[in-house]
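Descriptive structure summary
Spelled out, the chains give:
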Amino acid sequence: MTNPYRHCSRCGGSELRAAGEREFVCGACGYRHFVTPFPAAVALVRDATGRLLVCRRAHEPGLGRWSLPGGVIEPGETGEQAAAREVAEETGLELAPQEFRHQATLPNEYWFQDYLWPTLDLFYTARVEGTPTTRPDPAEVAEIVWLPPDQALALDFAFESNRRAVERLLAD
Ligand SMILES: [Zn+2]
């Protein structure tokens, strides 16, 4: 694993040496820096006919490609709360956390600040009545579509974990 840290975050020293797969230790003061997965919540929201909500991304990474609504889990949140919050922020759909059911946990990678960070994506399913009107946040989402899961698989997904979760949805 390469090192995303240029300098020691405690003393500013620039001699960071690898100590194992995911640990980088400052040669000057011994402070230990880690690269560990960031947990993220991702939502598989389906309408009354089983169609899946998919977003075209309005920002990097994966600008113009497709993904499921989701994002990094904030301190103190459950996965279900994070899924509900991300869905509301990105699509305008207001769902309660208890409407989300854990489906799968899959590793992923996310290009951010010049480094490919590991993430751990927690996928949750939810159903909505009818086909509700969405209000995508233009800073995050360029377009929202509802597609049968088998058709959604034909999209150019920005993240392999999203594709695998849709495949699991089809297998269930
Ligand atoms: Zn140091």
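Refer to the structure presented above.
Residues numbered from 1 in each chain as written. Predicted model: local features only at pLDDT ≥ 70, side-chain atom pairs only at ≥ 80, totals over all residues.

Focus: the overall build of the protein
If you tally the helices and strands in the protein, you get 3 helices and 10 strands. In the protein, the succession of helices and strands from N to C terminus is β-β-β-β-β-β-β-α-β-β-β-α-α. Across its three principal axes, the protein shows a C-alpha extent of roughly 60 × 30 × 30 Å. Scored against the burial criterion, the 172 residues of the protein give a buried share of 31%. The contacts in the protein between residues at least 6 apart in sequence include a share of 57% that link residues at least 24 apart. (Helix = DSSP H or I, 4+ residues; strand = E, 2+ residues; numbered from the N terminus. Buried ≥ 20, exposed ≤ 12 C-beta atoms within 10 Å, placed from the backbone. Contact = placed C-beta atoms within 7 Å.)

Remarks on helix α3 (residues 160-171)
With 12 residues, α3 extends 17 Å from end C-alpha to end C-alpha; this agrees with the ideal 16 Å at 1.5 Å per step. Listed as buried for α3 are Ser161, Asn162, Ala165, Val166 and Leu169. Looking straight down α3, one finds its buried side chains confined to an arc of 140°; they lie on one side. Counted as exposed and oriented over 90 degrees from the buried face of α3: Leu170 and Ala171. For α3, the elements touching its buried residues are β4 (38-46), β5 (52-57), β6 (66-67), β8 (101-112), β9 (115-127) and α2 (149-152). (Expected span 1.5 Å × (residues − 1). Arc of directions from axis to C-beta.)

Considerations on the sheet that holds strand β2 (residues 23-26)
Working definition: the strands of a sheet are paired by backbone hydrogen bonds and lie parallel or antiparallel to each other. Within the open sheet, the 3 strands sit side by side as β1-β2-β3. Their pairing is antiparallel. Of all the strands in the sheet, just β1 (16-18) and β3 (32-34) have a single pairing partner and so form its edges. For this sheet, the mean inter-axis angle between neighbouring strands, taken without regard to orientation, is 30°. Both β2 and β3 contribute to a ladder of 3 bridges, which runs antiparallel. Bridge pairing in β3 places Val25 opposite Arg32. (Pairing = 2+ DSSP bridges. Axes fitted to C-alpha atoms, helices over the stretch in contact; angles between N-to-C directions.)

Considerations on the nonpolar core
By size, the foremost hydrophobic cluster in this structure holds 31 residues, and its most contacted members are Ala41, Val42, Ala43, Leu44, Val54, Ala83 and Tyr124. Among the elements of the structure, β4, β5, α1 (79-91), β9 and α3 are those that each provide at least two residues to this core. It is β4 that contributes the most residues to this core, 6 residues altogether. The residues contacting Leu44, other than those within four sequence positions of it, are Leu52, Leu68, Gln103, Phe123, Tyr124, Thr125, Ala165 and Leu169. (Core = buried A, V, L, I, M, F, W, Y, C linked by C-beta atoms within 7 Å.)

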